[in-house]
Amino acid sequence: MLGDPRTVRVTGDSTAAVFRRTDDADAETHPERYAGRPVPEAYCWSRLTSGNGTRALWLLLLPFMVVNLAHWARPATPAARPARRAVRTYGVLVRILALSLTVLLVCAACEVALDLVAWQCAGSGGCTGSRSWLSFLSDGGWWSQPGRRLALGALVPAALTGLLWYLSKRTWNAYESQPPPAGAADPVTTDPVTAGPLTTGPLTTGPLTTGPLAAGPDTAPGSARDGVPALGRPGFWYGRRLVARLRAAHTAAGLLTVAAAVAVPTARYDRRAGAPVLEALGWTVEALLAAGALAVVWVVCRRGRTEARADHHRDRAAVTLLPGAALGLLVAVLLYAGWSRPGWTSAGRLPGDFAFGALMLGQGLGVLALAAVAAHLHRRAPDPAAALRGLGGPAIAMLGCALGGVMSGGVAQRVADWLDGGATPGMAGAPLPGPPVLLSWQAAVLPPLLLVLALLAVWFVVRGARVRRRLAAGVAAEYPGERPDAARSRRIAGARAAAALTDSAPWFAGAVSGITLLLGTGALAGAWLSGQVPGEAARGAHPLLEAAARAAQEAGSWLIGLGFVLFVAWGRRAYRDPAARRTIGILWDVGTFWPRAAHPFAPPCYAERAVPDLTWRMTGWTGRTGGRLVISGHSQGSVLAAAAVWQLPPPVRRRVALLTYGSPLSRLYGRWFPAHFGPGPLAVLHREVDCWRNLWRATDPIGGPVLPGTPEGVDRGPLADPVAYGRSARHPLPAPILGHSDYQADPAFAAERDALLARLDAAARAGVPGMPGVPEVPGQRLGVGVGVGVSKEPAGRAAPADPPGTAG
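Residues numbered from 1 in each chain as written. Predicted model: local features only at pLDDT ≥ 70, side-chain atom pairs only at ≥ 80, totals over all residues. Heavy atoms only, no water.

So, on to the overall build of the chain. Within the chain one finds 24 helices and 10 strands. The buried share of the chain, reckoned over its 808 residues, is 54%. In the chain, of all internal contacts separated by at least 6 residues, the share reaching a separation of at least 24 is 79%. Carbon together with sulfur atoms contributes 64% to the accessible area of the chain, which is approximately 33200 Å² in total. (Helix = DSSP H or I, 4+ residues; strand = E, 2+ residues; numbered from the N terminus. Buried < 20%, exposed > 50% of the residue type's maximum accessible area, 1.4 Å probe, protein only. Contact = heavy atoms within 4.5 Å. Areas by Shrake-Rupley, 256 points an atom, 1.4 Å probe, with all protein chains shown as cover.)

Encoded structure:
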């Protein structure tokens with residue numbers, strides 16, 4: 001990023017830090033060396049998303065991350081009438097869906113450990129006969145009673161819940177506990193140093209004060225007095241209170257789920273056996289479990305995020321008592337189940353069909369309710385660019401629930417296939433009953449879902465080919481004086497057509513979500529109406545239907561198992577291979593940018609560390625030196641840069657220029673997260689920074705214009721890509737199609753950067769010279785990127801060197 005192998009860390013730690021070239025380490029003490037040129041810095045945050053090998057375990061948290069995104073995909077609300085009740089309802093629904101995913105994960109672990117292993121296999125001599133490590137559960141000894149087997153198996157899902165709690169607690173201390181600097185994004189803030197008049201140059205992007213910046217309240221549009229954007233609020237990147245509450249509630253929900261999985265079959269047996277004392281204990285335990293479930297739901301629904309201030313409150317009662325009480329109840333249930341019941345034998349399945357069906361039905365109804373609220377919000381403030389007409393959040397939530405169902409069903413199906421040997425779980429002649437019928441129906445709908453996805457993919461490919469042919473006809477005309485080359489034009493048009501497919505992603509995701517909802521409804525109805533796996537339910541029907549049902553069940557079981565194996569293999573490779581881990585880190589960039597507002601077990605939000613880092617650095621440097629700076633960012637770095645600028649105190653924000661390139665701020669974030677990156681918030685940011693320039697290409701599948709149609713011209717593009725059509729004296733070799741990378745290689749990048757630096761230099765010269773204790777440094781340029789090279793370039797690609805005097 002700095003174009004120099006000799007670098008020094010000026011602030012930060014091994015996880016995220018600011019670097020300078022070694023020669024620039026003490027630039028502030030020698031301002032005479034930097035006349036007319038800036039002090040370049042680079043903020044490297046790659047280890048926040050792709051650190052050590054344990055990050056590969058984050059793949060298991062994928063459904064939690066996706067449902068957490070649904071919270072932030074809420075439609076925008078009008079500033080005059082913000083519809084607070086609808087916004088709160090939206091947040092409550094997403095948090096309830098997130099809670100259901102935690103319960104679903106723990107239910108899957110209970111299905112494997114309690115039902116398939118401790119109940120079915122341990123109760124069958126044929127299953128334990130070939131597995132000596134399970135023989136102690138069926139040899140007539142102390143552990144052979146079903147209640148004690150269930151108590152022993154319950155340690156596995158309980159340990160999983162404890163692991164999730166530990167990971168969330170550990171990352172909470174490292175990420176959510178980063179306080180913002182004093183006065184950040186505070187509308188009543190004094191200027192850290194007396195600034196001189198701002199010179200309005202050719203890149204002025206809005207009305208700027210031409211006199212000294214006066215101390216006092218900020219009355220600019222979008223300030224706290226007339227609706228500051230959410231990302232500019234002091235508490236936005238400080239979510240420790242909500243995460244602590246949700247972590248306690250989800251931990252308690254997991255422990256209560258394990259307790260219910262043990263207590264319900266035990267209490268049923270006691271009621272059948274007619275033991276008065278044990279029957280009374282069973283009713284008491286079930287009542288306590290119901291009360292605990294209500295307490296968990298109340299804590300989840302009671303409070304959302306506090307963004308208006310940095311909330312340092314600790315809800316000690318909920319955070320401490322709720323998981324502690326749930327753990328105590330689980331211990332009591334295990335002791336209750338371990339009581340001797342000599343006549344109890346295990347047969348059939350544990351009563352899990354209803355639990356999985358209730359969860360699936362609840363998730364479907366929750367997604368539909370979420371869609372109704374989102375549609376209401378979108379009607380109040382229509383945004384034509386919003387994904388799926390405001391239904392992006394419900395579509396994301398549906399995908400998160402589907403991922404959770406596939407992962408939980410995949411684990412259960414694989415373990416059942418392994419225990420059954422060569423038989424198909426649930427079919428006639430199988431040695432074990434197998435997992436709940438609903439999981440087999442979920443596996444059976446996977447082949448038709450993949451078929452529909454393949455047809456959609458073919459449709460998008462055909463459409464892209466048509467767009468490429470249409471674009472190819474006019475490519476050569478964009479390069480005057482060049483001789484048309486059909487092959488060259490097709491390659492350039494193909495890159496543009498492929499990049500344009502990003503704009504169709506919302507409709508593809510919407511189609512997948514809708515089809516998943518329909519197929520899931522069919523699977524739930526089939527499971528509840530028939531009570532049998534698809535192959536058995538279709539027995540005796542038309543031969544074609546019977547064959548199709550058997551094929552769908554077997555193919556679905558195989559596909560879901562293959563997917564689970566590939567998933568585990570990918571995680572194992574990422575654990576061992578840093579390059580694969582970096583790939584996962586890139587995929588995680590969008591999902592973990594947002595705070596954990598809905599699910600506390602989602603991968604941690606790196607921006608809650610990175611944004612305060614940048615805000616502290618910019619506020620401290622400008623206050624100490626009186627200088628001005630340009631902050632530049634590529635790809636996800638541009639999102640971090642914008643979020644950090646939003647958090648600056650207003651006087652400091654006006655001393656900052658913003659340079660973004662390959663930026664997904666509007667094209668991805670503005671569409672999927674319109675409440676936070678829609679046209680309104682971006683327009684406010686544009687008005688409040690000194691200057692903002694954005695570069696984009698038509699061949700870039702990620703970046704695009706951020707404020708199209710703005711009179712002041714924030715966007716410059718589309719840039720020519722490639723920079724030359726054919727060979728020439730200046731370009732003797734074919735120029736590459738760069739797409740999302742190497743924006744620094746375009747002449748427009750150097751031109752815009754130099755213009756911004758010249759603007760800063762002119763503003764600094766117009767300031768008050770010789771201020772006591774303030775070195776006369778001309779300015780600073782802070783780059784935001786990740787990984788080796790420039791921003792998100794693949795490892796091994798060298799960063800282009802900057803010309804002397806223009807490094808950034």
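This part is about the pattern of salt bridges. The tally for this structure, following the rule as stated, stands at 20 salt bridges. Across the pair Arg653 and Glu688 runs a salt bridge whose closest N-O atoms are separated by 2.1 Å. Of the two residues, Arg653 sits in helix H20 (residues 650-653) while Glu688 sits in helix H23 (residues 679-688), which places them 35 residues apart along the sequence. Considered together, Arg653 and Glu688 belong to a single accessibility category, that of buried residues. Among the salt bridges present, the one from Arg753 reaches Asp754, with a minimum N-O distance of 3.7 Å. Bridged by salt links that share partners, the residues Arg20, Glu28, Glu41 and Arg617 form one connected network. (Salt bridge = Lys/Arg side-chain N within 4 Å of Asp/Glu carboxyl O.)

Formed by 135 residues in total, the largest nonpolar core has its most connected members in Phe593, Phe677 and Trp692. Membership of the second largest hydrophobic core comes to 13 residues, among which are Val630, Tyr661, Leu719 and Tyr743. (Core = buried A, V, L, I, M, F, W, Y, C linked by side-chain atoms within 4.5 Å.)

Next up on the list: the environment of Arg6. Structurally, Arg6 is set in the segment before strand S1 (7-12). Residue classification places Arg6 among the partly exposed positions, given a relative accessible area of 44%. Taking the C-alpha atoms as reference points, Arg6 and Asp23, separated by 17 residues in sequence, lie 8.3 Å from one another. Not counting residues within four places of it along the chain, the set of residues in contact with Arg6 comprises Arg20, Arg21, Thr22 and Asp23. For Arg6, the side chain forms a polar contact with the side chain of Asp23, separated by 3.1 Å. (Polar contact = N/O pair within 3.5 Å; in protein donor to acceptor, adjacent residues only side chain to side chain.)

Our focus in this paragraph is helix H10 (residues 392-420). Over its 29 residues, H10 runs 41 Å from end to end, which matches the ideal 42 Å to within 8%, given 1.5 Å per residue. Within H10, 21 of the 29 residues are buried, which leaves it mostly tucked inside the rest of the structure. (Expected span 1.5 Å × (residues − 1).)

Take the packing of aromatic side chains next. Aromatic rings considered in pairs are described by the distance between their centres and by the relative angle of their planes. Tallied over the entire structure, the rule returns 23 aromatic pairs. Judged by centre distance (5.1 Å) and plane angle (20°), the ring pair of Trp72 and Trp594 falls under stacked. With Trp72 in helix H1 (residues 62-72) and Trp594 in the loop between helix H17 (578-591) and helix H18 (607-625), this pair connects stretches of sequence that are 522 residues apart. In terms of burial, Trp72 and Trp594 fall into one category: buried. The interplanar angle of 75° and the centroid separation of 4.8 Å between the aromatic rings of Phe236 and Trp237 together place this pair among those described as edge-to-face. Grouping residues by exposure puts Phe236 and Trp237 together as buried. One aromatic cluster in this structure is built from Trp45, Trp72, Phe236, Trp237, Phe593, Trp594, Tyr606, Trp646, Tyr669, Phe673 and Phe677. The ring centre of Trp142 lies 3.9 Å from the NZ or CZ of Arg148, which sits over that ring. The ring centre of Trp283 lies 4.3 Å from the NZ or CZ of Arg271, which sits over that ring. (Phe/Tyr/Trp six-rings, centres within 6.5 Å; stacked < 30°, edge-to-face > 60°. Lys NZ or Arg CZ within 6 Å of the ring centre and 35° of its normal.)

Taken together, Leu361, Leu365, Leu368 and Trp528 make up a surface patch of nonpolar side chains, about 400 Å² in accessible area. Per element, the largest residue contribution to the nonpolar patch is 3 residues, and it comes from helix H9 (residues 353-380). Residue placement: Leu368 occurs in helix H9. Judged by relative accessible area, which is 48%, Leu368 ranks as partly exposed. (Patch = residues over 30% accessible without salt bridge, like charges linked within 9 Å, V, L, I, M, F, W, Y side chains within 5 Å.)

A word on the state of the cysteines. A disulfide bridge is the covalent bond that connects two cysteines by way of their sulfur atoms. In this structure the tally under the stated criterion is 0 disulfides. The thiol of Cys110 is not disulfide-bonded; the next cysteine sulfur, from Cys107, is found 6.1 Å away. Under the relative-accessibility criterion, Cys110 is labelled buried at 6%. (Disulfide = S-S within 2.5 Å.)

Here the bond from Gly717 into Pro718 is cis, since omega is 0°, no more than 30 degrees from zero. One non-glycine residue, Leu388, lies in positive phi territory at about 55°. Here Leu388 is to be found in the loop between H9 and H10. With relative accessibility at 10%, the residue Leu388 sits in the buried group. Despite not being glycine, Ser635 shows a phi value in the positive range, around 55°. Residue position: Ser635 is located in the loop between strand S6 (629-634) and helix H19 (636-646).

To continue, consider the environment of Val106. Mapped onto the secondary structure, Val106 falls in helix H2 (residues 84-121). Not counting chain neighbours up to four residues away, the residues in contact with Val106 comprise Pro157, Thr161, Gly254, Thr257 and Val258.

Residues Arg466, Arg468, Arg469, Arg490 and Arg491 make up a contiguous surface patch of positive charge. For the positive patch, the secondary structure elements donating two or more residues are helix H12 (446-475) and helix H13 (486-500). When residues in the positive patch are grouped by element, the largest group, 3 residues, is from H12. The exposure class assigned to Arg490 is partly exposed, which follows from its relative accessible area of 44%. (Lys, Arg positive; Asp, Glu negative; His and termini not counted. Charge placed at Lys NZ, Arg CZ, Asp CG, Glu CD.)

The contact between helix H11 (residues 437-444) and helix H14 (residues 505-530) brings their axes to 9 Å, and the two run at 140°. On the basis of the axis angle, H11 is oblique to H14. When you trace H11 past H14, the crossing you get is right-handed. Contact residues: H11 offers Val437, Leu438, Trp441 and Gln442, while H14 offers Ala523, Leu524, Gly526, Ala527 and Ser530. A class-by-class count of the residues in the contact of H11 with H14 yields 6 nonpolar, 3 polar and no charged. (Axes fitted to C-alpha atoms, helices over the stretch in contact; angles between N-to-C directions. Parallel < 35°, antiparallel > 145°, perpendicular 65-115°, else oblique. Left-handed = near helix turned anticlockwise from the far one by under 90°. Nonpolar A, V, L, I, M, F, W, Y, C, P; charged D, E, K, R; others polar.)

The element H19 is largely enclosed, with a buried count of 11 among its 11 residues. Residues Gln636, Gly637, Ser638, Val639, Leu640, Ala641, Ala642, Ala643, Ala644, Val645 and Trp646 constitute the buried set of H19.

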